[in-house]
Amino acid sequence: MARATAAGLVTAVVEAQAARGDARLVLTGGRNGNALLAALTRAPGRDGVDWSRVELWWGDERFLPDGDPDRNHTQAREAFLDAVPLDPARVHPMPASDGPHGDDAAAAAAAYAAELAAAADAAGGGEGGAPRVPVFDVLLLGLGPDTHVASLFPGHPAVREEARTVTGVLEAPKPPPTRISLTLPAIRSAREVWLLAAGEDKAEAAAGALAAQDPFETPAAGARGRERTLWILDEAAAARLPAAARG
Ligand SMILES: O=C(O)[C@H](O)[C@@H](O)[C@H](O)[C@H](O)COP(=O)(O)O
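Remember, it's a predicted structure, so these values are computed and weren't measured experimentally.

(A) Here's a closer look at the packing of helix H2 (residues 30-41) against helix H3 (residues 72-79). Their axes nearest at 8 Å, the elements H2 and H3 cross at an angle of 30 degrees. By the angle class used here, H2 and H3 are roughly parallel. Regarding H2 and H3, the two cross each other, and that crossing is right-handed. Where H2 approaches H3, its residues Gly30, Asn34, Leu37, Ala38 and Thr41 are matched on the opposing element by Asn72, Gln75, Ala76 and Ala79. Class assignment for the residues of the contact of H2 with H3 results in four nonpolar, five polar and no charged.

In structure tokens:
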């Protein structure tokens, strides 16, 4: 699944660069997200990408000291970031808990929102009323077994955040408890949202998220792209889908 998704992502990046010069991706943490990044370093078309014109953002981050092995940024660096010639100025990790904002997740989230807004302005600004983030070409999300995406967990107030593009998340059920996450409006501003789920422990979540309406109880149900929402499931994760939905 990771290899197939990596090939598709290379194609999406090449198409975005052909159309607009740059490609903007939002990375996700977790096993599936990191497996995709590792597969990307081995993708056949990898060298067809101008990595210096790929801009990377994160959908969420564990709010830990810089370099902590549990940080999504640390894991992404080990899996991918150091393997391709990215422009460091275009790689935007979320703040660490030992950075300028100390252990204040809300302040760190506000700083990342400001960084996104500045990038949106520099790229010509969002449409009126749209969240002030750059237009992401592909926003990647892993799917939690409880249907969380990024660090938006079922029933958590962060799921309901509509005004901000980035929020601090306290008392998250998936350790570590303190996180930073894009909010649903920021996620939904992406051209495409790709949700990744492999393994039978995701089968119920995938079926539930595809059937649900209320993102508050089923955050993945709110993760829709403006132009396309792609569910990338292996056989085990698709096992509970209606036969017609299995493609
Ligand atoms: O910080 C995180 O933990 C991730 O961003 C999280 O949203 C992850 O993508 C899902 O929990 C799925 O994780 P797995 O792919 O490991 O099941």
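There is more to say, and it comes next.
(B) Layout of the site of the ligand. Around the ligand sit 15 residues in total, of which Arg31, Asp60, His148, Ala150 and Lys202 are the nearest. Interatomic distance of 2.7 Å between a backbone N/O atom of arginine 31 and an oxygen atom of the ligand. Here an oxygen atom of the ligand and a side-chain polar atom of arginine 62 are 2.8 Å apart. Within the complex, the protein chains bury 97% of what would otherwise be the 420 Å² of accessible surface of the ligand. The cavity that encloses the ligand is the largest pocket. Sorting elements by how many residues they give to the shell around the ligand places H2 first, with three residues. For the shell around the ligand, the class distribution of residues is two nonpolar, seven polar and six charged.

(C) Broad picture of the confidence of the model for the chain. On average, the chain scores 96 in pLDDT, and the residues at 70 or more come to 98%. Here the complex is predicted with pTM 0.97, and the ipTM for its interfaces comes to 0.98.

(D) Examining the sheet that holds strand E3 (residues 60-62) more closely. Ordered in space as E3-E6-E5, the three strands form an open sheet in which the pairing is antiparallel. Of all the strands in the sheet, the pair left with one neighbour each is E3 and strand E5 (166-169). On average, each strand axis in the sheet is tilted by 15 degrees relative to the strand beside it, whichever way the strands run. Pairing of E3 with strand E6 (residues 179-182), which is carried by three bridges, proceeds in the antiparallel orientation. Looking across to E6, one finds that aspartate 60 is bridged to serine 181. On top of the sheet, helix H4 (residues 105-122) reaches E5 and E6; it is set at about 160 degrees to E5, its chief contact.

(E) A look at the packing of aromatic side chains. As enumerated under the stated definition, the model contains two aromatic pairs in all. Between the aromatic rings of tryptophan 51 and phenylalanine 80, the centroid separation amounts to 5.5 Å while the plane-to-plane angle is 70 degrees, which identifies the pairing as edge-to-face. In this pair, tryptophan 51 sits in the loop between H2 and strand E2 (54-58) while phenylalanine 80 sits in the loop between H3 and H4, placing the two residues 29 residues apart along the sequence. Accessibility classification places tryptophan 51 together with phenylalanine 80 in one group, the buried group. Seen from their ring centres, tryptophan 57 and tyrosine 112 are 5.7 Å apart, and the 75 degrees between their planes marks the pair as edge-to-face. Separated by 55 residues along the polypeptide, tryptophan 57 in strand E2 and tyrosine 112 in helix H4 bring together distant segments of the chain. Neither residue differs from the other here; tryptophan 57 and tyrosine 112 are each classed as buried. Cation over ring: arginine 160 sits above phenylalanine 216, and NZ or CZ is 3.5 Å from the ring centre.

(F) View of the pattern of salt bridges. Overall, the coordinates contain 15 salt bridges when judged by the stated rule. Glutamate 61 serves as the salt-bridge partner of arginine 71, at 3.9 Å between the closest nitrogen and oxygen. Here glutamate 61 lies in strand E3 and arginine 71 lies in the loop between E3 and H3, a separation of 10 residues in the sequence. This pair shows no difference in class: arginine 71 is buried, exactly as glutamate 61 is. A salt bridge links glutamate 227 to arginine 191; the shortest N-O distance between them is 3.3 Å. You can see glutamate 227 sitting in the loop between helix H6 (203-211) and strand E8 (228-233) and its partner arginine 191 sitting in the loop between helix H5 (184-188) and strand E7 (192-197), a full 36 residues away along the chain. Relative accessible area serves as the criterion here: at 55%, glutamate 227 is assigned to the exposed category. Salt bridges sharing partners connect three or more residues here, namely Arg20, Asp137, Arg191 and Glu227.

About the thresholds
- Residues numbered from 1 in each chain as written.
- Predicted model: local features only at pLDDT ≥ 70, side-chain atom pairs only at ≥ 80, totals over all residues.
- Heavy atoms only, no water.
- Axes fitted to C-alpha atoms, helices over the stretch in contact; angles between N-to-C directions.
- Helix = DSSP H or I, 4+ residues; strand = E, 2+ residues; numbered from the N terminus.
- Parallel < 35°, antiparallel > 145°, perpendicular 65-115°, else oblique.
- Left-handed = near helix turned anticlockwise from the far one by under 90°.
- Contact = heavy atoms within 4.5 Å.
- Nonpolar A, V, L, I, M, F, W, Y, C, P; charged D, E, K, R; others polar.
- Near = heavy atom within 4 Å.
- Polar contact = N/O pair within 3.5 Å; in protein donor to acceptor, adjacent residues only side chain to side chain.
- Areas by Shrake-Rupley, 256 points an atom, 1.4 Å probe, with all protein chains shown as cover.
- 1 Å grid on protein atoms, 1.4 Å probe; cavity = no way out; pocket = protein on both sides within 12 Å on 5 of 7 lines; lining within 4 Å.
- Sits in = over half its atoms within 2 Å of the grid points.
- pLDDT = per-residue confidence, 0-100.
- Pairing = 2+ DSSP bridges.
- Phe/Tyr/Trp six-rings, centres within 6.5 Å; stacked < 30°, edge-to-face > 60°.
- Buried < 20%, exposed > 50% of the residue type's maximum accessible area, 1.4 Å probe, protein only.
- Lys NZ or Arg CZ within 6 Å of the ring centre and 35° of its normal.
- Salt bridge = Lys/Arg side-chain N within 4 Å of Asp/Glu carboxyl O.

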